[in-house]
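The primary structure of each chain is shown beneath.
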Amino acid sequence: MSEKKDPSVWEGFKAFLMRGNVVDLAVAVVIGAAFTNIVNAVVKGIINPVVGAIGTKNLDHYSSCLSSTCEGEQDIRILWGSVLGATLSFVITAAVVYFLMVLPMAKYLARMEARRKAKEGTQEVIEVTELEVLKEIRDALVAQRGSGHDRP
């Protein structure tokens, strides 16, 4: 009897790494990390100074105190400025991804679909036109045969 040998863990790992979506995912992670740096620079270079015109440049300094005294290390602080900064980073990231990647890709795919449908519609019109021409030729040939048989 021949026994079927199960693939080793190493072979399975190699097969997993060679799948295309793993490489795509790795590229997406690297691009995402680089994009994070851009978003952080926009928040620190543009958003924080605009907020700094009203208060402090560093959003981390915005906080509220829950304890009766906010002195020393016994105080309880809610760092809502940090949450605001992270929220702004998220909104900026989402806006850039949507307006620079998702929206143009959706428009591109819609144009390609419209072109495909237009091409299919044109092809149907051409086929119908050819069919009509062939019918006319057939009718003309039938008419010629009919008139030719009537002659003595």
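Just above sits the structure.
Numbering of residues begins from 1 in every chain and follows the order in which that chain's sequence is written. Local features in this predicted model are restricted to residues of pLDDT 70 or higher, and side-chain atom pairs are both shown and tallied only at a pLDDT of 80 or more, whereas totals for entire chains, interfaces and linings draw on every residue. Hydrogens and water are ignored here; the side-chain numbers use all heavy atoms of the structure.

Engineer: Help me understand the overall build of the chain, please; the structure alone is not making it clear to me.
Structural biologist: Helix and strand definitions follow DSSP, with helices as H or I runs of at least four residues and strands as E runs of at least two, each counted in order from the N terminus. A tally of helices and strands in the chain yields 3 helices and 2 strands. In the chain, the order of α-helices and β-strands from amino to carboxyl end is α-α-β-β-α. The contact definition used throughout considers only heavy atoms, calling two residues in contact when any of these lie within 4.5 Å. Put simply, of all contacts in the chain between residues at least 6 apart along the chain, 29% involve residues at least 24 apart. Accessible surface area values rest on a Shrake-Rupley calculation with a 1.4 Å probe, where residue burial reflects the displayed protein chains alone. Of the accessible surface of the chain, which amounts to about 13,000 Å², a share of 65% is contributed by carbon and sulfur atoms.

Engineer: Explain the pattern of salt bridges here, please?
Structural biologist: Once their charged atoms are close, side chains differing in charge can pair, the charge on each being opposite to the other. A pairing counts as a salt bridge when a side-chain nitrogen of Lys or Arg comes within 4 Å of a carboxyl oxygen of Asp or Glu. Within the structure shown, the criterion is met by 2 salt bridges. The residue R138 makes a salt bridge to D139 at a minimum N-O spacing of 3.2 Å. We call a residue buried when its accessible area falls under 20% of the maximum for its residue type, exposed when it is over 50%, and partly exposed in between, using a 1.4 Å probe and counting protein chains only. With a relative accessible area of 48%, R138 lands in the partly exposed category.

Engineer: For this particular structure, what's the right way to read the environment of V97?
Structural biologist: Relative to the elements of secondary structure, V97 occurs in helix α3 (residues 80-150). The sequence separation of V97 and F35 amounts to 62 residues, and the corresponding C-alpha distance is 9.8 Å. Those residues in contact with V97 that lie beyond four places of it in its chain are F35 and V102.

Engineer: Any chance you could explain the packing of aromatic side chains here in plain terms?
Structural biologist: The geometry of two aromatic rings is summed up by the distance between their centres and the angle between their planes. The criterion for an aromatic pair is that two Phe, Tyr or Trp rings (for Trp, the six-membered ring) have centres within 6.5 Å, with stacked assigned to planes under 30 degrees apart, edge-to-face to planes over 60 apart and tilted to the rest. Following the criterion strictly, the structure yields 2 aromatic pairs and no others. Between the aromatic rings of W10 and F13, the centroid separation amounts to 6.0 Å while the plane-to-plane angle is 40°, which identifies the pairing as tilted. Taken together, the residues W10 and F13, both in helix α1 (residues 9-18) and 3 residues apart, mark about one turn of the helix. Under the relative-accessibility criterion, F13 is labelled partly exposed at 40%.

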